Amino acid sequence: MVRAELSTVPDNRPQIVAILTPSGSDGAVAKRMLEREGLTARVCRDVTEVNHYIDSGVGVAVIAEEALNRAARDAIIAALDQQPPWSDLPIVLLLAEGELSDAIMPGVAELAMRGNVTLLERPVRVATLVTTLRSALRARARQYDVRDSIAERIAAAEFLREAREEAESANRAKMEFLAMMSHELRTPLNAIGGYSQLIELGVHGPINDAQRSAIGRIRSSEAHLLGLIEDVLNFAKIEAGRVTFDLKPILVEELVTGVDVLVEPQMREKGIAYTREVAPRVCALADVEKARQVLLNLLSNSVKFTPIEGRISVGFAARDDEVDICITDNGIGIPVEKLAAIFEPFVQVKRAYTSTHGGTGLGLAISRDLARAMGGELTVRSVIESGSTFTFTLPRAKAPETLATE
């Protein structure tokens, strides 16, 4: 079998020379001569066998002009046309003496134009023929290298596609699970909060101070757990693409105003000095609710990790197409090697510091996702033990007519 012969070739590169001559005796002579030179040759009985080698894989075909009648020529051209894109089988045509000096026969010329054909005029020196065939075999081996490279790239692309689909499927399942669990946990926690409030109000009878203090701790823990669950639920919604955005121009001053008020009690409790620059009268393109959620997350983080009597400031920078809101603190800072990780979900840097504050490690991940969904970005600069600056960037927008005329 031809395929069995080809499979024994080292490195799976076809090195067989297929020979087609007018008679079997001519082919046998050519075969012996080539094999003395270290080449592997096979004599073909007819063009059908040549085409079989072409289909199965062969290094080069040597064809005597006398064996190339019209039917044979058309059959070989048809076989060559069926080659895969990477394949261009070398063919050596042996012509009668003097033909290269005269007009080439139309049949030979057509095959030469349609295939990778080298013309040699007889009588041909053995060295010339062997050198031509070895050069053709090297070229053929490079074609198979191209084939293997294409196959490897296709296999790699298919592997990556399957891996990506599996990862996306796993991520969807994870997000659906998180959303379901968050919903299921909120229901009993709300019930706990409701019943503790009824007890605190004395609906079920009077309570003493110790009981009132215990109920306060219950309600505080319930609110804390609800906050954690809300983070998980929000993250799951964002990752699943279920969050909608209402982008519109808003003054940066208006965007920031009111957010710092929400963290003022915590800053006052820690004696933190808070300053805010006068915002430039420029507009940003944002979903107001989502942008304020990002700012609240950033300010809350700064308060958590800023020491007692520390400092927090808010600054601004406006460019032609962007607006920056910068929140700077003199807190514990973030190691350089951890800066890239802090925006990943469920990551808490320097656990020894953050464990006292709790949290899911989702606040910054949610904030960056929200910023990017609004066409902006969230970045950080930090020096360990000196503090951090988080920069919330939003696209700059043209002020509405009502603002422009004020």
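Figured I'd write up the structure that's included with this text. Per chain, the residues get numbers from 1 upward, laid out in the order the sequence is written. With the structure being a predicted model, the display of local features is reserved for residues of pLDDT at least 70 and the display and counting of side-chain atom pairs for 80 or more, all residues being used for whole-chain, interface and lining totals. The side-chain numbers reported here are obtained from all heavy atoms of the structure, hydrogens and water having been left aside.

### Concerning the overall build of the protein chain
Regarding its fold elements, the protein chain presents 13 helices and twelve strands. Restricting the contact set of the protein chain to residue pairs at least 6 apart, pairs at least 24 apart contribute 75%. All accessibility values rest on the Shrake-Rupley procedure with a 1.4 Å probe; residue burial counts only the protein chains present in the view. In the structure as shown, the protein chain presents an accessible area of about 22,400 Å², 55% of it carried by carbon and sulfur atoms. For helices the rule is a DSSP run of H or I covering at least 4 residues; for strands it is a run of E covering at least 2, with both sets numbered from the N terminus onward. Every residue pair with non-hydrogen atoms within 4.5 Å of one another is taken to be in contact.

### Overview of a nonpolar patch on the surface
Here the term patch refers to residues with relative accessible area over 30% and no salt bridge, with like charges joined within 9 Å and nonpolar side chains (Val, Leu, Ile, Met, Phe, Trp, Tyr) within 5 Å. Salt-bridge detection follows one rule: a side-chain nitrogen of Lys or Arg within 4 Å of a carboxyl oxygen of Asp or Glu. Taken together, the side chains of F177, M180, M181 and L185 define a hydrophobic patch exposed on the protein surface, amounting to about 360 Å² of accessible area. Structurally, the position occupied by M181 is in helix α6 (residues 126–200).

### Points about the packing of aromatic side chains
Within 6.5 Å between ring centres, the rings of Phe, Tyr and Trp (the latter by its six-membered ring) count as paired, and their orientation is classed by plane angle as stacked under 30 degrees, edge-to-face over 60, tilted in between. The final tally for this structure, using the stated rule, is two aromatic pairs. Each ring, one from W86 and one from Y144, has its centre 4.8 Å from the other, and the planes form 65°; the classification is edge-to-face. Of this pair, W86 sits in the loop between α4 (70–81) and β4 (90–95) while Y144 sits in helix α6; the two residues are 58 residues apart in sequence, bridging distant segments of the chain. Arranged with centres 6.4 Å apart and planes meeting at 85°, the rings of F343 and F390 form a pair that is edge-to-face. Of this pair, F343 sits in the loop between β10 (322–329) and α11 (351–354) while F390 sits in strand β12 (residues 387–397), and the two are 47 residues apart along the sequence. Considered together, F343 and F390 belong to a single accessibility category, that of buried residues. Only Lys NZ and Arg CZ are tested; either one counts as a charge over a ring when it is within 6 Å of the ring centre and within 35 degrees of the ring normal. Against the face of W86 rests R147, its NZ or CZ located 5.6 Å from the ring centre. Each residue is placed in one exposure class: buried if its accessible area under a 1.4 Å probe, protein chains only, is under 20% of its type's maximum, exposed if it is over 50%, and partly exposed if it falls in between.

### Focus on the nonpolar core
In plain words, nonpolar cores are sets of buried Ala, Val, Leu, Ile, Met, Phe, Trp, Tyr and Cys residues tied together by side-chain atoms within 4.5 Å. Counting 49 residues, the largest nonpolar core has V252, L255, L295, L298, I325, F390 and F392 as its most contacted members. It is helix α10 (residues 288–305) that provides the largest number of residues to this core, a total of seven residues. Setting aside residues up to four positions removed in sequence, L295 forms contacts with L255, V256, V259, I325, I327 and F392. One finds V50, L93, L95 and V108 within the second-largest nonpolar core, a separate group that totals 25 residues.

### Details of unusual backbone geometry
The omega angle of the peptide bond from R122 to P123 is -5°, so this bond is cis rather than trans. Here P123 shows up in the loop between β5 (116–121) and α6. Even without a glycine there, the phi angle at E385 is positive, about 65°. With respect to the helices and strands, the residue E385 is situated in the loop between β11 (377–383) and β12.

### Brief notes about helix α5 (residues 106–114)
All of the buried residues along α5 are G107, V108 and L111. Down the axis, α5 shows its buried residues gathered within 100° of arc, on one side only. In α5, those exposed residues whose orientation departs by more than 90 degrees from the buried face are P106 and M113. Considering only its buried residues, α5 is in contact with α4, β4 and β5. Arc, as used here, means the arc of the directions from the helix axis to the C-beta atoms.

### A word on the sheet that holds strand β2 (residues 40–43)
Within the open sheet, the five strands sit side by side as β2-β1-β3-β4-β5. Their pairing is parallel. With one partner strand each, in any of the chains shown, β2 and β5 form the two edges of the open sheet. The average angle at which neighbouring strand axes cross in this sheet is 25°, direction not considered. Looking at chain direction, strand β3 (residues 60–64) and β4 are connected through four bridges and run parallel. Should DSSP find at least two bridges between two strands, the strands are taken to pair. Only the stretch in contact is used when fitting a helix axis, every axis being a line fitted to C-alpha atoms; angles between N-to-C directions are given from 0 to 180 degrees.

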